[in-house]
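Residue-level listing of the chains:
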Amino acid sequence: MAIKEIFDEGAMTIAFRIPFKRNKSKVIAELNEVIPRIRESLSRENEWYRVVDISGKWRSDNEAFDDPWTSPNAEAWVQLAGHGEFLEGLRIWVGELENLLALHLREEHVSIRETDEVLLGEVPVSILAVMYSDFVPVFTRFLDVWDDPNLDQQYSVVAEIVQSHGRCQEVEDLLVKLAAHEGGDGDLIQSVLRPQLEKLYGDFPNSALFRTMVETMHARGAELEDSDGNRHIFHYCPNWPELTANATTILAELDT
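Residues numbered from 1 in each chain as written. Predicted model: local features only at pLDDT ≥ 70, side-chain atom pairs only at ≥ 80, totals over all residues. Heavy atoms only, no water.

**Student:** Please give an account of a negative patch on the surface that cites residues and values.
**Tutor:** On the surface, a cluster of negative charge is made up of Asp 116, Glu 117, Asp 147 and Asp 148. By secondary structure assignment, the location of Asp 147 is in the loop between helix H5 (136-142) and helix H6 (151-165). Judged by its relative accessible area of 35%, Asp 147 falls in the partly exposed class. (Patch = residues over 30% accessible without salt bridge, like charges linked within 9 Å, V, L, I, M, F, W, Y side chains within 5 Å. Areas by Shrake-Rupley, 256 points an atom, 1.4 Å probe, with all protein chains shown as cover. Salt bridge = Lys/Arg side-chain N within 4 Å of Asp/Glu carboxyl O. Lys, Arg positive; Asp, Glu negative; His and termini not counted. Charge placed at Lys NZ, Arg CZ, Asp CG, Glu CD. Helix = DSSP H or I, 4+ residues; strand = E, 2+ residues; numbered from the N terminus. Buried < 20%, exposed > 50% of the residue type's maximum accessible area, 1.4 Å probe, protein only.)

Next up, the structure:
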């Protein structure tokens, strides 16, 4: 087995380093071996960061790895994802990772992280979702096991997913989930995605997708109400006031 497990006490990181420049079927096989090793390591150093490095180059003193989104590891994930013959293997591995993250979140109430700003699996799952529409539902599911993400980075990935795949059911399901989570009052819909949504849907506030968002949030009932009974369902959208106006109309219909 070529996996090298590196303990960096100073960075409180355990890196699982897998050599990349060889037959990619071996890389996939060793990714599957990493999951139980992460699980085992959690019983020893529960609060440490975990890095799954398939570039085979990870070192704590290498500044190129300070940002997981621009590191040689991210480049290696892009290259691996480009091999269509290994996508099913990656799908299986991602499913096992999802199970591990869900179990840890359920038991410890925190997510496993790669760094302070990046959650374990966030880079490869995001890359796959941007490249392939059938991985978008996988990204959508991972939102349930990634606790406290960096929202700026997450929104950037979502914008790339929308740009890559456009108007399709996989993307719409993702956007409904995200909007329902934040009540629509955040920056994602009214600021980050507005140019793309207007290009794809024209009058987005009058679109079927927007109505689905409002209906989904309405179904959550008191979850989206504050202490004064105000419902935060596109309640405050100064950058796109038509969202608030149309949401108010739809909610009035749903309340009757």
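**Student:** Explain unusual backbone geometry to me, and be specific about the residues and the numbers.
**Tutor:** One non-glycine residue with positive phi stands out, namely Met 12, at about 50 degrees. Among the secondary structure elements, Met 12 is positioned in the loop between strand E1 (4-8) and strand E2 (13-17). Even without being a glycine, His 109 presents a positive backbone phi close to 65 degrees. With respect to the helices, strands and loops of the structure, His 109 is situated in the loop between helix H3 (87-108) and helix H4 (122-131). In this structure His 109 comes out as exposed when scored by relative accessible area, which is 61%.

**Student:** I'd like a rundown of the nonpolar core, residues and numbers included.
**Tutor:** In summary, soluble globular proteins display a tendency toward joint burial of nonpolar side chains. Of all hydrophobic cores here, the largest spans 80 residues; its most connected members are Leu 31, Trp 77, Phe 139, Ile 189, Phe 204, Met 213 and Phe 234. Beyond its immediate sequence surroundings of up to four residues, Phe 139 is in contact with Val 125, Ser 126, Ala 129, Trp 146, Gln 154, Val 157, Val 158, Ile 161 and Leu 174. Formed by five residues, the second largest nonpolar core is a distinct cluster that contains Ile 6, Val 51, Trp 58 and Phe 65. (Core = buried A, V, L, I, M, F, W, Y, C linked by side-chain atoms within 4.5 Å. Contact = heavy atoms within 4.5 Å.)

**Student:** Give me the lowdown on the packing of helix H2 (residues 72-81) against H4, citing residues and values where you can.
**Tutor:** Look at H2 against H4: their axes get within 10 Å of each other, and the N-to-C directions meet at 40 degrees. One element, H2, and the other, H4, form an angle in the oblique class. Read as a crossing pair, H2 and H4 show a hand that is right-handed. Residues Ala 74, Trp 77, Val 78 and Ala 81 of H2 form the contact with H4, whose own contacting residues are Val 123, Pro 124, Ile 127, Leu 128 and Met 131. Each residue belonging to the contact of H2 with H4 can be placed in one class, and the counts come to nine nonpolar, no polar and no charged. (Axes fitted to C-alpha atoms, helices over the stretch in contact; angles between N-to-C directions. Parallel < 35°, antiparallel > 145°, perpendicular 65-115°, else oblique. Left-handed = near helix turned anticlockwise from the far one by under 90°. Nonpolar A, V, L, I, M, F, W, Y, C, P; charged D, E, K, R; others polar.)

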